[in-house]
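Overview (structure and organization)
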Amino acid sequence: MQKILFRKTTGCLLLLPVIFAQAQGSNIVIQVEATRIMAVVTPDSTPLQDIPGLKLRQQGRGNPQSDLSIRGSSFNSTGLTLNGLSIRNAQSEHWHASLTVPAAWLEQPYVLTGMDLFRLSSGHPAGSVGLNLAPIISDEHRLTIGGGNFGNLYGGVDLTVVEYYEQSIVGSAAFLNYHHADQTDGYKQNDLDRIVAGARVSRLTDKTQADLMATIAQSQFGARGFYGASPGYPAEEELWDAMALGSLRLIEDPENPAALTALWRRTDDSYWLDRHNHAFYQNQHITDFFGLHGDHKTTFNQLLGLDSRADLDLETIKSRSLGNHHRSHASLALIPNMTFGRLQLSTGGSLELFSADSPRLLPAAGIEWSVSENHTLFINYTESLRQPSYTELNYKSPDSLGNSGLSRQHTRTTEAGYKGEKEGLKWQLTGFYEYAQNTVDWIKAAEDSRWSAENLETIESIGVSALGHVALSRQTELSLEALLLDKNCETRAYASRYALDYPELSTEAALAQHLTDDLTLMVKQELSQYRPNPARAHSDWSFNSSLEVQWRLPTKPSLALSAGISNLLDDNFQIFPGQETIGRAFHTSLTYSW
């Protein structure tokens, strides 16, 4: 019945009307500064790949389930914002990286922390990935097919149609993607089948950008060893993920922009410890998220401005194991900005209201000094709150145990740094100190005990992160990332699954070499040392490498060939403690554009 419903829903999405609105009047000129991501399809394709400052910790190749991490954070402290709205999941933040929006619909994603995050959204404690829908301004039609070893077979079609009117550009888009893999990680029974579809209508004028969007995805994958469960169980999981969004952005005056976004998302998650005997142990959770976000920047004069935002969200969950619950949250933030020459001083705060907890005022303050046109120094202080997920509160399985007595997390973050940009060069160096109370982690008291959800009394994190991108020549680009991190926690445990399992040192270099106008070679190498963890087999060092070649046929520019190798060095580092990784993997794809 679900498969029939999925096919019908997909068909409706693909038949969404093309015409959203038609304007009348004089001709207009619309300037668009949005940057589109290059559409290269691989088994791991996602808009969350290769974002400076973000680590996508994949449970297996092809992203059957992945976690987000910013500056060594746990998955439950990091998330996504879409057009300014923070997307949450009351069941588990494990689904924060389950993004069903294609890269071609988005501007370049970026990492938000500190004051930048506080201005935009109620956000997530460690940071958020900022996603914004790009305007649709040109016809684009693309068909991709590809495959690789470990039984990978994937493909997709993207269709975009644009109509030009005297006062507006109206675009409609639809996509359909499919991916199958016989094996996603070190366990042969962990397979993957996923299908994703969506449609969007957008209207752009010189004053506004309006969007309507809907997506739906269904994935079924082997989950042996996932989430700390014993790999002795042949686990399986199925996830349905549906989302609808409406958004209006006021863009006429760059000094006074505003936005309003409404979003609904439903995840329907079924999990079985034994894929051959579903009755042995089964969980099913239906989680709904309703969110409303508005933000406005007001510039009164050269000296005074005001950033304001409001967020309202409602979360509900119906679960055979976690119970039926609902909770709501509202946030209102005001941040006055005072500018004195090259110096900007911002100070303000937010009022956080919870239906299931006490209200709280959160302060925020920051200083930015533009030393010159290309060099900026900054320092800021922000606070944030996070409510435990219902998995952390109520989960119970043979290997994991929730804790109904968990308190909400309170995080205080201080950042100081130096950033700049000039022709061919962009950089940022940030030192940060984070003091977090009641962070939830899944820990083991002893080797043979279950993973249990506990409030870590305090975690003090101190670190330095560095990001850089340089165009060495017209043909050569180099990106560099580095992180030094130390966490001090009063709570002692035999092993940590997430919050205290982090890289003490992490470096990454990515090189893009344009050999010709039609041929590009990309190489990426990561070197990381994780904190010693008794639950992790093999080494604490990660040597993840990848290589990708993209070739557009000179005689047939509408055809592009992509081929690559993942885990080039056949590294056996366990991204999640106890979870065996897949070996060296090959893939290739062919894209036809018209």
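My aim in this report is to walk through the structure given alongside it, one point at a time. None of these values were measured; they are calculated from a predicted model.

Focus: the overall build of the protein
- The secondary structure content of the protein amounts to three helices and 31 strands.
- For 594 residues, the compact-globule estimate of 2.2 N^0.38 gives 25 Å, and the protein sits close to it at 24 Å.
- Its C-alpha atoms give the protein principal-axis dimensions of about 70 × 55 × 50 Å.
- Burial analysis of the protein (594 residues in total) assigns 51% to the buried set.
- Long-range contacts, defined as pairs at least 24 residues apart, comprise 63% of the intrachain contacts of the protein with a sequence gap of at least 6.
- Computed over 47 positive and 66 negative side-chain charges, the separation of the two mean positions in the protein equals 2 Å.

A word on the pairing of strand S22 (residues 425-444)
- Two elements, strand S21 (residues 409-422) and S22, share 13 bridges in a ladder whose sense is antiparallel. Note that in S22 the partner of Tyr418 across the bridge is Leu429.
- With antiparallel pairing between neighbouring strands as the criterion, S21 and S22 make up a hairpin whose turn holds two residues, including Gly424 at a positive phi of roughly 80 degrees.
- Where S22 meets strand S23 (residues 451-471), 18 bridges bridge the pair, whose relative direction is antiparallel. The residue of S23 that forms the bridge with Phe432 is Gly463.
- Linking S22 back to S23 in an antiparallel pair, the connection comprises six residues.
- Relative to strand S25 (residues 495-496), S22 runs antiparallel, the two sharing two bridges. If you follow Ile443 over to S25, its bridge partner there is Ser496.

Description of the sheet that holds strand S6 (residues 127-131)
- In space, the four strands of this open sheet follow the order S4-S3-S6-S5, with mixed pairing throughout. The strands lining the two open edges of the sheet, one partner per strand, are strand S4 (85-87) and strand S5 (110-112). Taking each pair of neighbouring strands and ignoring which way they run, the sheet shows an average axis angle of 35 degrees.
- Pairing analysis gives five bridges linking strand S3 (residues 78-82) to S6, with the strands arranged parallel. Residue pairing across strands places Thr78 opposite Gly127, the latter belonging to S6.

A word on the side chain of His410
- Here His410 is to be found in strand S21.
- A polar contact of 2.8 Å, which involves the side chain of His410, links it to the side chain of Glu383.
- At 3.5 Å, the side chain of His410 and the side chain of Arg412 are in polar contact.
- When residues no more than four places from it in sequence are discounted, the contact partners of His410 are Arg360, Leu362, Glu383, Ser384, Leu385, Tyr435, Ala436 and Gln437.

Observations regarding the packing of aromatic side chains
- In this structure the tally under the stated criterion is ten aromatic pairs.
- Where Phe226 meets Tyr227, the ring centres are 5.8 Å apart and the plane angle is 90 degrees; that geometry is what we call edge-to-face.
- Ring plane angle 65 degrees and centroid distance 6.1 Å describe the contact between Tyr227 and Tyr271, whose orientation is recorded as edge-to-face. With Tyr227 in the loop between strand S11 (208-222) and strand S12 (236-250) and Tyr271 in strand S13 (residues 258-272), this pair connects stretches of sequence that are 44 residues apart. In this pair, the class of Tyr227 matches that of Tyr271, namely buried.
- Three or more aromatic residues joined by ring pairs make a cluster, and in this case those are Phe221, Phe226, Tyr227 and Tyr271.
- Taking the ring centre of Phe576 as reference, the NZ or CZ of Arg57 above it sits at 5.2 Å.
- If you follow Lys419 out to its NZ or CZ, it ends over the ring of Phe378, 5.4 Å from the centre.

With respect to the environment of Glu460
- Looking at the element boundaries, Glu460 is found in strand S23.
- Taking the C-alpha atoms as reference points, Glu460 and Ala436, 24 residues apart in sequence, are found 6.5 Å from one another.
- Each residue touching Glu460, except ones within four places of it in the same chain, is listed here: Tyr433, Glu434, Tyr435, Asp486, Lys487 and Asn488.
- Side-chain polar atoms of Glu460 contact the side chain of Tyr433, separated by 2.5 Å.

Things to note about the environment of Ser45
- Mapped onto the fold, Ser45 is located in the loop between helix H1 (2-14) and strand S1 (54-58).
- Along the primary structure Ser45 and Lys419 are separated by 374 residues, whereas in three dimensions their C-alpha atoms are 30 Å apart.

Re the nonpolar core
- Core analysis: the largest hydrophobic core is formed by 31 residues, its most contacted members being Leu48, Leu82, Val101, Trp105, Met213 and Leu263.
- Considering each element in turn, this core owes the most residues, three residues, to strand S9 (residues 169-181).
- Excluding its chain neighbours within four sequence positions, the residues that come into contact with Leu48 are Leu54, Leu56, Leu68, Leu80, Ala97, Leu99 and Val129.
- By size, the runner-up hydrophobic cluster in this structure holds 28 residues, among which are Ala235, Tyr281, Ile317 and Phe576.

With respect to the pattern of salt bridges
- The tally for this structure, following the rule as stated, stands at 21 salt bridges.
- A salt bridge links Arg386 to Glu392, with the shortest nitrogen-to-oxygen separation between them at 2.7 Å.
- Members of the salt-bridge network, linked through shared partners, are Arg57, Asp501 and Arg536.

Observations concerning the side chain of Asn283
- Mapped onto the secondary structure, Asn283 falls in strand S14 (residues 282-299).
- Side chain to side chain, Asn283 and Ser321 meet in a polar contact 2.6 Å long.
- Within the structure, Asn283 has its side chain in polar contact with the side chain of Tyr395 (distance 3.3 Å).

A look at the pairing of S23
- Where strand S20 (residues 400-401) and S23 come together, two bridges link them in parallel fashion. Looking at S23, one finds that Leu401 is bridged to Ser452.
- Here S23 hands over to strand S24 (residues 476-489) after four residues, the two strands then running antiparallel side by side.

A look at the environment of Ala199
- Position of Ala199 relative to the elements: it lies in strand S10 (residues 192-204).
- Between the alpha carbons of Ala199 and Phe586 there is a distance of 31 Å; along the sequence they are 387 residues apart.

Observations concerning unusual backbone geometry
- You will see that Arg71, though not glycine, has its phi angle at about 55 degrees, which is positive.
- Structurally, Arg71 can be placed in the loop between strand S2 (66-70) and S3.
- With relative accessibility at 16%, the residue Arg71 sits in the buried group.
- With a phi angle near 60 degrees, Phe150 is a residue other than glycine that sits in the positive phi range.
- As for its position among the elements, Phe150 is in the loop between strand S7 (140-148) and strand S8 (152-164).
- The exposure class of Phe150 is partly exposed, given its relative accessible area of 25%.

Calculation criteria
- Residues numbered from 1 in each chain as written.
- Predicted model: local features only at pLDDT ≥ 70, side-chain atom pairs only at ≥ 80, totals over all residues.
- Heavy atoms only, no water.
- Helix = DSSP H or I, 4+ residues; strand = E, 2+ residues; numbered from the N terminus.
- Rg over C-alpha atoms; globule rule 2.2 N^0.38 Å.
- Buried < 20%, exposed > 50% of the residue type's maximum accessible area, 1.4 Å probe, protein only.
- Contact = heavy atoms within 4.5 Å.
- Lys, Arg positive; Asp, Glu negative; His and termini not counted.
- Charge placed at Lys NZ, Arg CZ, Asp CG, Glu CD.
- Pairing = 2+ DSSP bridges.
- Axes fitted to C-alpha atoms, helices over the stretch in contact; angles between N-to-C directions.
- Polar contact = N/O pair within 3.5 Å; in protein donor to acceptor, adjacent residues only side chain to side chain.
- Phe/Tyr/Trp six-rings, centres within 6.5 Å; stacked < 30°, edge-to-face > 60°.
- Lys NZ or Arg CZ within 6 Å of the ring centre and 35° of its normal.
- Core = buried A, V, L, I, M, F, W, Y, C linked by side-chain atoms within 4.5 Å.
- Salt bridge = Lys/Arg side-chain N within 4 Å of Asp/Glu carboxyl O.

Structural measurements only, silent on function.
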